[in-house]
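# Observations on the three-dimensional arrangement
Given next are the chains, with one letter for each unit.
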Amino acid sequence: MDIQNIETVIEESKQVIEECFNLFKLDEVFLCFNGGKDCTVLLDLTISVLKTKFKTNDVAKGLKVVYIQTKGPFIEIEEFVKEIELYYGIEIVVMGGELKATLQRILESDKRVKAGLMGTRRTDPHSEKLVFMQKTDPNWPQMMRVFPLLNWSYHQIWSYILQRKVPYCKLYDRGYTSIGSIYNTLPNKSLAFTDNGRTMYHPAWMLADAELERAGRGPTNGHINTENQIDQ
């Protein structure tokens, strides 16, 4: 993989995150985490911004992080969520169920919450018209959605992870490039190769054509509204 220039998108994302925490208090924001590459980059960036803003290294403890568990999660994703808790010194709240209802439960369980940070990129399905901050649709639980990574490319995500040595789920080492549930996700055929008669897969960051990122994904039902799906 060619190392991508990521300084511009890093600065842009940090500005969006800073603006979020200028508008909302720390306890009014939650970060939506699903164990995927994008939200892991988002978490890493958010903690970096918060450390600078609050001038303390243990500020991550005050960040509300919610893992919205998909139906039929990969064991590797579940293990990675626990790994991330230890790595960043945070406590991740696990909530399962249909996404719309889960979002409502998040808001009802903590009346302070007014905004959610999400790792959506513009190349994700139905996300090309999103802006950095916008409210949920009228028929959804009402909150501000914040999308700091909108303008990142697939390869910029991997450049950040590899350059910064950010932890990631080991499924990506096995040819998975976009991870949903065990029911709708397979390794990406574009990364397949044969070794002594066995089909093997190159790691996710070796995918040459970013447009094939979701080539291993089947239909999915989880989305925040008709314009924003939660992806990994």
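Here is a short report on the structure shown in this document. (Residues numbered from 1 in each chain as written. Predicted model: local features only at pLDDT ≥ 70, side-chain atom pairs only at ≥ 80, totals over all residues. Heavy atoms only, no water.)

### Focus: the pairing of strand 7 (residues 192-195)
Both strand 7 and strand 8 (residues 198-201) contribute to a ladder of four bridges, which runs antiparallel. Pairing of D195 across the sheet is with R198, part of strand 8. As consecutive antiparallel partners, strand 7 and strand 8 are separated by two residues, and within that stretch N196 has a phi angle of approximately 55°, a positive value. (Pairing = 2+ DSSP bridges. Helix = DSSP H or I, 4+ residues; strand = E, 2+ residues; numbered from the N terminus.)

### With respect to the pattern of salt bridges
In this structure the tally under the stated criterion is nine salt bridges. When the shortest N-O distance is used, the salt bridge between D27 and R112 registers 3.5 Å. Of this pair, D27 sits in the loop between helix 1 (7-23) and strand 1 (29-33) while R112 sits in the loop between helix 4 (99-109) and strand 4 (115-117), placing them 85 residues apart in sequence. With relative accessibility at 32%, the residue D27 sits in the partly exposed group. With a shortest N-O distance of 3.1 Å, R121 and D38 are connected by a salt bridge. With a gap of 83 residues between them, R121 in the loop between strand 4 and strand 5 (133-135) and D38 in helix 2 (residues 37-54) connect regions that are remote in the sequence. Residue classification places R121 among the buried positions, given a relative accessible area of 0%. A relative accessible area of 0% places D38 in the buried class. Each of K37, D38, R121 and E213 takes part in salt bridges that share partners, so that together they form one network. (Salt bridge = Lys/Arg side-chain N within 4 Å of Asp/Glu carboxyl O. Buried < 20%, exposed > 50% of the residue type's maximum accessible area, 1.4 Å probe, protein only.)

### Let's talk about unusual backbone geometry
Notably, H126 is not glycine yet its phi reads approximately 65°, a positive angle. Along the chain, the position of H126 falls in the loop between strand 4 and strand 5. Within the chain, N196 stands out as a residue other than glycine whose phi angle is a positive 55°. Of note, N196 is situated in the loop between strand 7 and strand 8.

### Describing the packing of helix 1 against helix 2
Direction vectors running N to C along helix 1 and helix 2 enclose 60°, while the axes themselves pass 10 Å from each other. Overall, the two elements helix 1 and helix 2 adopt an arrangement that is oblique. In this structure, helix 1 crosses over helix 2, and the sense of that crossing is right-handed. Every residue of helix 2 that contacts helix 1 at I10, S13, K14, I17, E18, F21 and N22 is listed here: L42, L45, T46, S48, V49, L50 and K53. Residues that form the contact of helix 1 with helix 2 fall into these classes: seven nonpolar, four polar and three charged. (Axes fitted to C-alpha atoms, helices over the stretch in contact; angles between N-to-C directions. Parallel < 35°, antiparallel > 145°, perpendicular 65-115°, else oblique. Left-handed = near helix turned anticlockwise from the far one by under 90°. Contact = heavy atoms within 4.5 Å. Nonpolar A, V, L, I, M, F, W, Y, C, P; charged D, E, K, R; others polar.)

### So, the packing of aromatic side chains
Summed over the entire model, instances satisfying the criterion amount to eight aromatic pairs. Ring plane angle 80° and centroid distance 4.8 Å describe the contact between Y87 and Y88, whose orientation is recorded as edge-to-face. A relative accessible area of 49% means that Y87 is categorised as partly exposed. Joined through ring pairs, the aromatic side chains of W158, Y168, Y172 and W205 make up one cluster. (Phe/Tyr/Trp six-rings, centres within 6.5 Å; stacked < 30°, edge-to-face > 60°.)

### Quick notes on helix 1
Between the first and last C-alpha of helix 1 there are 24 Å, a value that for 17 residues agrees with the 24 Å anticipated at 1.5 Å per step. All of the buried residues along helix 1 are V9, I10, S13, V16, I17, C20 and F21. The buried residues of helix 1 all sit within an arc of 130° when viewed along its axis, so they share a single face. Turned more than 90 degrees away from the buried face of helix 1 sit T8 and N22, all of them exposed. (Expected span 1.5 Å × (residues − 1). Arc of directions from axis to C-beta.)

### Remarks on the nonpolar core
Judged by nonpolar contacts, the single largest core of 54 residues is most densely connected at F21, F33, L43, L63, I90 and W152. Residue assignment for this core shows that the elements contributing at least two residues are helix 1, strand 1, helix 2, strand 2 (64-69), helix 3 (75-88), strand 4, strand 6 (144-146) and helix 5 (154-164). Element by element, the count of residues in this core is highest for helix 2, at eight residues. Excluding residues within four positions of it along the chain, F21 makes contact with L26, V29, T46, L50, K53, L63 and L117. In terms of nonpolar packing, the next biggest core, distinct from the first, is built from 16 residues, F30, I68, V113 and W140 among them. (Core = buried A, V, L, I, M, F, W, Y, C linked by side-chain atoms within 4.5 Å.)

Geometry only, nothing functional implied.
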